Every structure is written in C-alpha cells, then in structure tokens.
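Chains, contacts and geometry: an overview
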Amino acid sequence: MNENNYNVLGIMSGTSLDGIDIALLNFQKNETWDYKILTAETIPYPEEWQKKLSEALFYNDLRLHNFNEEYTSYLAEVIHGFIQKHEIKDIDSVCSHGHTIKHEPENGFTLQIGNLPKLAKMLGHKVVCDFRVQDVDLGGQGAPLVPIGDELLFSEYDYCLNLGGFANISTNRNGTRIAYDICAVNTVLNFLANKLNLAFDRDGEIAASGKIEQGLLEKLNSLPYYQQNPPKSLGIEWVNSNILPFFEDTASVASALRTYTVHAGTQIAKELKGDETTKVLVTGGGAFNGYLIREIAERTKVEVVIPSADLVNFKEALIFGFLGVLKLRGEVNVLSSVTGASKDHSSGVIFEP
C-alpha cells in the first residue's frame, strides 16, 4: 500500500433495501484527493433478505444478535462473489457501512449489522467498518457521514444532495461544513409503489399521473421535524411512526405518490438557496426520478447537476470507501459540525483477517 495511493472496496446497503452497492475504487492524494470508480455493481437483495431486513427492527436482542451473524456471513459471500467475478487481486481494504437496523441517536444508540470481525476472517482482507457508533458515543447523530467526502472530493459544488431512502444535503456555510437529513424519499415512494406490486415508480411516471391531495400535503408539510435546526437526522423508525400512518387507507396510490413527491420536492427545494450560478450535485436513486427532479427544479433557481450513472448510483459506496481510507491514515473522517458530536474524529473499526 502506497501511503498516497489506495485501492479499496466501498460497500453500502441503504434503507431502500434495493441491494448491496459494491465499488472497486482508487484514491490518490496529491495536493488534493482524486478518485476513480474502477468497477461497481449493485447486488440486489433476494426477496427473503428484503423481508428479513425490513422485519429486523422488531427482533428481540437474542434474535438480532443471531441475525447479525447471519447477515455478516451473507455479506461476506456477496463481497467474495464480486471479487471473484471481477478478478480483483490487489485491494488494501474492504470499507463497509453495513446495514442500519436501528438508529436512535437521541437514546445514544445506533446499530449497523454486518460489522463483525468475522467479515475480515471470511474475506481474508483487512476490513474498516462500523463508522457510526463512535460518533453517537461522542454525543453526535451518527449521521450524516458523507459530508467529509463532499468537502474533500466534490468541493466545486455548492450543495451535494443525495436522494436515497432519505434526502440529505451537505454544504459549506461560512467556512463550516453542515449537513443533515431533509425528508424521507424512496423509503416512502417505494412503500407506495409496493402497493401496486412494483419495486419502485420508474421515473415517477405513476406519481405524475395522480392528483395532489391538498389536505394530506398540508399535514405532511407541517410535521415538526421540518422546523428543527441541524444537526438532525432521520431513521426508518421516524418514517414508520410519522409518515406511513397517513397512507394506511390510500384510495389512489397514484395520488398518494404524487402528493408525497410534491411534498419531498417542496421540502428539498426550501433548502437550496441561491441563483443560476449555484451548483447542486444530485446523486442517489432519486436522481433517476424525473418527476421528483422536476418538482425540485420548479421551486428553485439553482442549477441541478446530475452526473454520470456510476456516480449517481455509487457515490455513497465511494465515500464509505474514502472514510475507510481516512481511518487507515488516522485522519478525521467525521465532522462534528454536521453530526453534533463533541469533536471531529476518525471513526470506524479496523479488523485484520
């Protein structure tokens, strides 16, 4: 391993449960950091794993412990399959986020499964993982963690907006990086699409065909979370208790999808302040939702930039790979200005094979 050149795997599994993102990455440190996404793939979750992961929030401690072991073994198999398929020989580390089951920073607790020492043993590679726990221990939200990558890899953009299970944003304000979750996106849109036996609403076409339910829109827009100041973050528990009850008796899925998309577009656009010279990098699966992008763009003057498909799809895997590299170097990879922790710190654990 050259101390300024790293080949790593970045691994991400998001709350939308679409699959495991794996990217082979190269990072080089010159005056600034440069990156390359060498090859990347999303390994879809089989239906049985989607079901298990969505139910795990309700497991008792013993069952969750056993499930963590089971998921770690499954994750190792998936990563090993990627390494074999792409004939990857030379990697310095596997940098894995794991999969979030519970995120309750207000209770001093967050759990990402798949971050056990046996992951390194099964893969035969050094593993850097479990990036959120230390931040929560330091009084932070344990999220968002991506902003250090935005700061060091994408500084030419005024905002970095990720549209995944949740919409989160990162920006530099008065010389300080701030970031926070704005609202739920694909966790809700996919939940509604599932009512039509669809995995998702492709390009937002069904949403665009529906009608806006004004009363529901007003209820959504008046949720107290939107009045809170950052640092703040959201978890699936918040969606289950605050959003999904609105959709228990949905008469028209198309109208529910449209109403929620307008709601998300409204909340996101409120955070994008600037003019035509202000550049917003948009990544995450929601970047492919043309209707959502139009709803955002119509409410703001800023330039919305959607990059290459690789960056849209694998930015989070890229940045968790980068967090792993920074951890290997003993450098700060979590910013207290965005998480609310007591200090900047180098988060994550390193497991040797």
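Read on for a plain summary of the structure. Since the model is a prediction, treat every value here as computed from it, not as a measurement.

Procedures and definitions
Residues numbered from 1 in each chain as written. Predicted model: local features only at pLDDT ≥ 70, side-chain atom pairs only at ≥ 80, totals over all residues. Heavy atoms only, no water. Salt bridge = Lys/Arg side-chain N within 4 Å of Asp/Glu carboxyl O. Helix = DSSP H or I, 4+ residues; strand = E, 2+ residues; numbered from the N terminus. Buried < 20%, exposed > 50% of the residue type's maximum accessible area, 1.4 Å probe, protein only. 1 Å grid on protein atoms, 1.4 Å probe; cavity = no way out; pocket = protein on both sides within 12 Å on 5 of 7 lines; lining within 4 Å. Points joined across faces, edges and corners; volume = space filled by probe spheres on them. Nonpolar A, V, L, I, M, F, W, Y, C, P; charged D, E, K, R; others polar. Contact = heavy atoms within 4.5 Å. Pairing = 2+ DSSP bridges. Axes fitted to C-alpha atoms, helices over the stretch in contact; angles between N-to-C directions. Phe/Tyr/Trp six-rings, centres within 6.5 Å; stacked < 30°, edge-to-face > 60°. Disulfide = S-S within 2.5 Å. Expected span 1.5 Å × (residues − 1). Bend = angle between axes of the 7 residues up to and from the residue.

**Some remarks on the pattern of salt bridges**
A side chain with one charge can pair with a side chain of the opposite charge if their charged atoms come near. What the rule picks out here adds up to nine salt bridges. Between Lys52 and Glu70 there is a salt bridge, with the nearest N and O atoms lying 2.7 Å from each other. Taken as a pair, Lys52 in helix 1 (residues 47-55) and Glu70 in helix 2 (residues 61-85) lie far apart in primary sequence, 18 residues in all. A residue is classified by how much of its surface remains accessible, and Lys52, at 23% relative accessible area, is partly exposed. As a salt-bridge pair, Glu295 and Arg299 come within 2.4 Å of each other at their nearest N and O atoms. Here Glu295 falls in the buried class, since its relative accessible area comes to 7%.

**Let's talk about the layout of surface pockets**
Roughly 190 Å³ of volume is contained in the second largest pocket. Along its surface, the second largest pocket is lined by His103, Glu104, Pro105, Glu106, Gln141, Ser233, Leu234, Gly235, Glu237 and Trp238. Mapped by element, the contributors of at least two residues to the lining of the second largest pocket are strand 4 (93-104) and helix 9 (236-242). Residue composition of the lining of the second largest pocket, grouped by class: three nonpolar, four polar and three charged.

**As for the environment of Glu213**
For Glu213, the position within the fold is in the loop between helix 7 (205-209) and helix 8 (214-221). Judged by relative accessible area, which is 32%, Glu213 ranks as partly exposed. Between the alpha carbons of Glu213 and Ile22 there is a distance of 39 Å; along the sequence they are 191 residues apart. Dropping the residues within four chain positions of it, Glu213 is found in contact with Ser252, Ser255, Ala256 and Thr259.

**A word on the sheet that holds strand 8 (residues 166-173)**
The pairing of strands in a sheet happens through backbone hydrogen bonds and is either parallel or antiparallel. Pairing is mixed in the open sheet, where five strands are placed in the order 9-8-7-10-11. The open sheet has two edge strands, strand 9 (176-184) and strand 11 (303-305), and neither has a second partner. Taken over all neighbouring pairs, the strand axes of this sheet differ in orientation by 20 degrees on average, direction set aside.

**A few points about the pairing of strand 2 (residues 19-29)**
By the criterion of burial, strand 2 is predominantly enclosed, with nine of the eleven residues buried. Pairing between strand 1 (residues 5-13) and strand 2: nine bridges, direction antiparallel. Paired with Ile11 across the bridge in strand 2 is Ile22. With eleven bridges connecting them, strand 2 and strand 3 (residues 33-44) associate as antiparallel partners. Bridged to Lys29 within strand 3 is Trp33. Two successive antiparallel strands, strand 2 and strand 3, enclose a turn made up of three residues.

**Some details on the packing of aromatic side chains**
Evaluation of the coordinates by the stated rule reveals 15 aromatic pairs. Look at Tyr35 and Phe154: their rings are 5.5 Å apart centre to centre, the planes differ by 55 degrees, and that puts the pair in the tilted class. Pair noted here: Tyr35 is in strand 3 and Phe154 is in the loop between helix 5 (147-153) and strand 7 (159-163), with a separation of 119 residues, a long-range link. Judged by relative accessible area, which is 2%, Phe154 ranks as buried. Seen in terms of ring centroids, Tyr45 and Tyr74 are 6.3 Å apart; in terms of plane orientation they differ by 25 degrees. Their pairing is stacked.

**Side note on the state of the cysteines**
Throughout the structure, instances matching the rule amount to zero disulfides. With no disulfide of its own, Cys160 lies 17 Å from the sulfur of Cys183, the closest cysteine sulfur. According to the relative accessible area criterion, Cys183 is buried, its value standing at 0%.

**Quick notes on helix 12 (residues 309-328)**
Counted at 1.5 Å a residue, the expected span for helix 12 with its 20 residues is 28 Å, and the 28 Å between its end C-alpha atoms agrees. The sharpest bend along helix 12 reaches about 65 degrees and sits at Lys315. Within helix 12, 15 of the 20 residues are buried, leaving the element largely enclosed by the surrounding structure. Directly after helix 12, the chain includes Gly330, whose backbone phi takes a positive value near 70 degrees.

Coordinates in, geometry out; function isn't part of it.
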